[in-house]
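# Breakdown of the fold
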Amino acid sequence: MEIDAVLAALPHRYPFLMIDKIIDIDGDESAVGIKNVTYNEPQFTGHFPGEPIFPGVLIIEGMAQTAGAIVINLENKGGEKHIVYLLTIDNVKFRKPAKPGDRLEYHIKKIHRRKTVGRYEAKAIVNGVVYAEAEIGAMIVRDTA
């Protein structure tokens, strides 16, 4: 999914869109989202001046957006419009800080899905090293807007 397809699947926009594209998509089973961390992003003016670190909560958001985008991309193929809501974030571990110049890869793998609720294993990886991991739960609903 190039950026146009990501924008069609998600309601998020700059500065809160945390993925640039999604590669290696297998339906809603798995995918890899890409986020190129750049120094000119607004969070670096305060996190932290002189030692810019990409906020961990934004890494989690990028993982959730990647999972949500592949689910919505699949669901919307049926003709109806859907939206995804984050339900849970469990077992979060931050292992290394991401910095400007890093290329975050959000590796998403479905754990299970029952009708409208899904659970996904997510890892943020830079150059083969796991920077963060979590389990993400989400609910898919029909968009009535």
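The structure we're discussing is the one just above.
To keep things clear, this report deals only with the structure shown in the data block. (Residues numbered from 1 in each chain as written. Predicted model: local features only at pLDDT ≥ 70, side-chain atom pairs only at ≥ 80, totals over all residues. Heavy atoms only, no water.)

Here we come to the nonpolar core. Core analysis: the biggest nonpolar cluster contains 35 residues, and Phe-54, Ile-59, Met-63, Leu-104 and Tyr-106 have the highest contact counts within it. Where this core is concerned, the elements lending two or more residues are helix 1 (3–9), helix 2 (56–75), strand 4 (103–114), strand 5 (117–126) and strand 6 (129–142). Looking at which element gives the most residues to this core, the answer is helix 2, with 10 residues. Apart from the residues within four sequence positions on either side, Ile-59 is in contact with Phe-54, Ala-98, Leu-104, Tyr-106, Ala-124 and Ala-132. (Core = buried A, V, L, I, M, F, W, Y, C linked by side-chain atoms within 4.5 Å. Buried < 20%, exposed > 50% of the residue type's maximum accessible area, 1.4 Å probe, protein only. Helix = DSSP H or I, 4+ residues; strand = E, 2+ residues; numbered from the N terminus. Contact = heavy atoms within 4.5 Å.)

Our focus in this paragraph is the pattern of salt bridges. Under the defined criterion, the tally for this structure stands at 11 salt bridges. Between Glu-51 and Lys-99 there is a salt bridge; the shortest N-O distance is 2.3 Å. On the criterion of sequence distance, the pair formed by Glu-51 in the loop between strand 2 (30–36) and helix 2 and Lys-99 in the loop between strand 3 (82–94) and strand 4 is long-range, its members being 48 residues apart. A relative accessible area of 30% places Lys-99 in the partly exposed class. Where Arg-95 meets Glu-133, a salt bridge forms, and the shortest distance between an N and an O atom there is 2.8 Å. Residue Arg-95 is found in the loop between strand 3 and strand 4, and its partner Glu-133 is found in strand 6; the two are separated by 38 residues along the sequence. A single network of salt bridges, built from pairs that share partners, joins Asp-28, Glu-29, Glu-75, Lys-110 and Arg-113. (Salt bridge = Lys/Arg side-chain N within 4 Å of Asp/Glu carboxyl O.)

Turning our eyes to something else, we now look at the sheet that holds strand 1 (residues 21–26). Strand order across the open sheet formed by 6 strands is 1-2-4-5-6-3, with antiparallel pairing between neighbours. Since the sheet does not close on itself, it has two edges, and those belong to strand 1 and strand 3, each with one partner. Within the sheet, the average angular offset between the axes of one strand and its neighbour, ignoring direction, is 25°. Two strands pair when backbone bridges link them, and strand 3 and strand 6 are joined in this way by 10 bridges, in the antiparallel orientation. Bridge assignment links Thr-88 to a residue of strand 6, and that residue is Gly-137. (Pairing = 2+ DSSP bridges. Axes fitted to C-alpha atoms, helices over the stretch in contact; angles between N-to-C directions.)

Attention now moves to the side chain of His-82. Of note, His-82 is situated in strand 3. Here Glu-80 takes part through its backbone oxygen, which lies 3.4 Å from a polar atom of the side chain of His-82. (Polar contact = N/O pair within 3.5 Å; in protein donor to acceptor, adjacent residues only side chain to side chain.)

In this section: the environment of Gly-56. Mapping Gly-56 onto the fold places it in helix 2. Taking the C-alpha atoms as reference points, Gly-56 and Lys-93, 37 residues apart in sequence, are found 9.5 Å from one another.

Within the element layout of this structure, Pro-42 appears in the loop between strand 2 and helix 2. Pro-42 gets classed as partly exposed once you look at its relative accessible area, which sits at 36%. Measuring from C-alpha to C-alpha, the distance between Pro-42 and Pro-15 comes to 7.5 Å, with 27 residues separating the pair along the chain. Apart from residues no more than four positions distant in its own chain, Pro-42 is found in contact with Tyr-14 and Pro-15.

That's the geometry; what it means functionally is another story.
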